[in-house]
Amino acid sequence: GDSVTQTEGLVTLTKGLPVMLNCTYQTTYSPFLFWYVQHLNEAPKLLLKSSTDNKRTEHQGFYATLHKSSSSFHLQKSSVQLSDSALYFCALRRYGSSGNKLIFGIGTLLSVKP
Amino acid sequence: GGIITQTPKFLIGQEGQKLTLKCQQNFNHDTMYWYRQDSGKGLRLIYYSITENDLQKGDLSEGYDASREKKSSFSLTVTSAQKNEMAVFLCASSIDWGHSYEQYFGPGTRLTVL
């Protein structure tokens, strides 16, 4: 069945350094991937989405490229800020008979230190 | 823009108790969702509804009931709270047309069972 894998549970970085959060997926359908960000005690919010192979998508300094050949949609940023500390979820659109269901990874907690 | 409201924000129950969580959205979205968020397990779909009076089971529906009384509201009932259970329940909604597939989330209800 469809699945999403995020390999890092916790990533700790110093402010100003680059970051890459891993996301790989499995599906037999055409993939549609999402990154959601959840700050402490807040609602998850959409950060990025893509269904186009090999095209970089960007928002708020974060970027990701869907690579169908490697089934990946890694999230990157060139210089992290303290305000980027949050929980990041990768999600895959799940095809079915009804509704726009998503399958979520377990999440990666990004902690940025001064 | 719209907003999703969840009540209560915090819910403390006793083992075996029946507990109800409520969600309201003013996006005028057709589909609404209930997720359970546990640390290290991501977001797991409990129930969803594609229109008023519709109910569809998710991956984690056992132990829960749901009700979509009208388009703007979706409630979730924990039929028998489990001792020492702690989780966050997130409500979401989405548009059913177009190619957005984005889900909008509420801030969550935090459940603690004593």
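Below is a short write-up of the structure. (Residues numbered from 1 in each chain as written. Chains lettered and ligands numbered in written order. Predicted model: local features only at pLDDT ≥ 70, side-chain atom pairs only at ≥ 80, totals over all residues. Heavy atoms only, no water.)

## Some thoughts on the interface of chain B and chain A
Contact residues are listed per partner, giving 25 residues for chain B and 21 residues for chain A. Where chain B abuts chain A, roughly 1900 Å² becomes buried across the two surfaces, and 53% of that area is made up of carbon and sulfur atoms. Its largest share of buried area at the contact with chain A, chain B owes to Leu43(B), Tyr101(B) and Phe105(B), together 29% of the area lost on that side. Run the count over chain B and chain A and you get 1 salt bridge. The shortest N-O distance in the salt bridge between Arg94(A) and Asp59(B) comes to 3.2 Å. Linking chain B to chain A there are 5 residue pairs in polar contact (both at pLDDT 80 or more). Contributing elements (two or more residues each) for the side of chain B that touches chain A: β4 (31-38), β5 (42-49), β9 (86-94) and β10 (103-105) of chain B. (Contact = heavy atoms within 4.5 Å. Buried area = accessible area lost by both parts, 1.4 Å probe. Salt bridge = Lys/Arg side-chain N within 4 Å of Asp/Glu carboxyl O. Polar contact = N/O pair within 3.5 Å; in protein donor to acceptor, adjacent residues only side chain to side chain. Helix = DSSP H or I, 4+ residues; strand = E, 2+ residues; numbered from the N terminus.)

## Structural notes on the pattern of salt bridges
For the structure on display, the rule yields 7 salt bridges over all chains. The partner of Glu58(A) in a salt bridge is Arg56(A), with the nearest N and O atoms 3.1 Å apart. Between Arg36(B) and Glu85(B) there is a salt bridge; the shortest N-O distance is 2.5 Å. Taken as a pair, Arg36(B) in strand β4 and Glu85(B) in the loop between β8 (73-78) and β9 lie far apart in primary sequence, 49 residues in all. The two residues Arg36(B) and Glu85(B) agree in class, both being buried. Each of the salt bridges in this network shares a partner with another, and the network as a whole consists of Arg36(B), Asp38(B), Arg44(B) and Glu85(B). (Buried < 20%, exposed > 50% of the residue type's maximum accessible area, 1.4 Å probe, protein only.)

## Thoughts on the sheet that holds β8(B)
Residues and elements named next belong to chain B. With antiparallel pairing, 4 strands are arranged side by side in an open sheet as β1-β3-β8-β7. Two strands close off the open sheet at either side, each with one partner strand: β1 (4-7) and β7 (64-70). Neighbour-to-neighbour, the strand axes of the sheet open up by a mean angle of 20°, direction not taken into account. (Pairing = 2+ DSSP bridges. Axes fitted to C-alpha atoms, helices over the stretch in contact; angles between N-to-C directions.)

## So, the sheet that holds strand β7 (residues 56-59) of chain A
Residues and elements named next belong to chain A. Reading across from one edge, β3-β9-β8-β7 is the order of the 4 strands in this open sheet, with antiparallel pairing throughout. Both edges of this open sheet fall to β3 (19-21) and β7, since each of them pairs with a single strand only. Between one strand and the next, the sheet's axes are offset by a mean angle of 20°, whatever the strand orientation. Looking at chain direction, strand β8 (residues 62-65) and strand β9 (residues 75-77) are connected through 3 bridges and run antiparallel. Across the sheet, residue phenylalanine 62 finds its bridge partner in β9, namely lysine 77.

## Examining the environment of Gly42(B)
Residues and elements named next belong to chain B. Structurally, glycine 42 can be placed in strand β5. Judged by relative accessible area, which is 2%, glycine 42 ranks as buried. Spatially, the C-alpha atom of glycine 42 lies 23 Å from that of isoleucine 3, the residues being 39 residues apart in sequence.

## Details of the pairing of strand β11 (residues 101-104) of chain A
All names here are of chain A. Residues Lys101 and Ile103 of β11 are buried on one face, and the alternating residues Leu102 and Phe104, pointing to the opposite face, are buried as well. In the sheet, strand β10 (residues 86-94) pairs with β11 via 4 bridges, with the strands oriented antiparallel. Note on β11: the bridge partner recorded for arginine 93 is leucine 102.

## Some thoughts on unusual backbone geometry
Excluding glycine, residues mostly carry a negative phi; peptide bonds, for their part, are mostly trans. All names here are of chain B. The omega angle of the peptide bond from threonine 7 to proline 8 is -10°, so this bond is cis rather than trans. In this structure, proline 8 sits in the loop between β1 and β2 (10-13). Phi is positive for asparagine 28, close to 65°, though the residue is something other than glycine. Within the secondary structure layout, asparagine 28 lies in the loop between β3 (19-25) and β4. For asparagine 28, a relative accessible area of 55% puts it in the exposed group. One non-glycine residue, asparagine 53, lies in the positive phi region at around 70°. Relative to the assigned elements, asparagine 53 resides in the loop between β5 and β6 (56-57).

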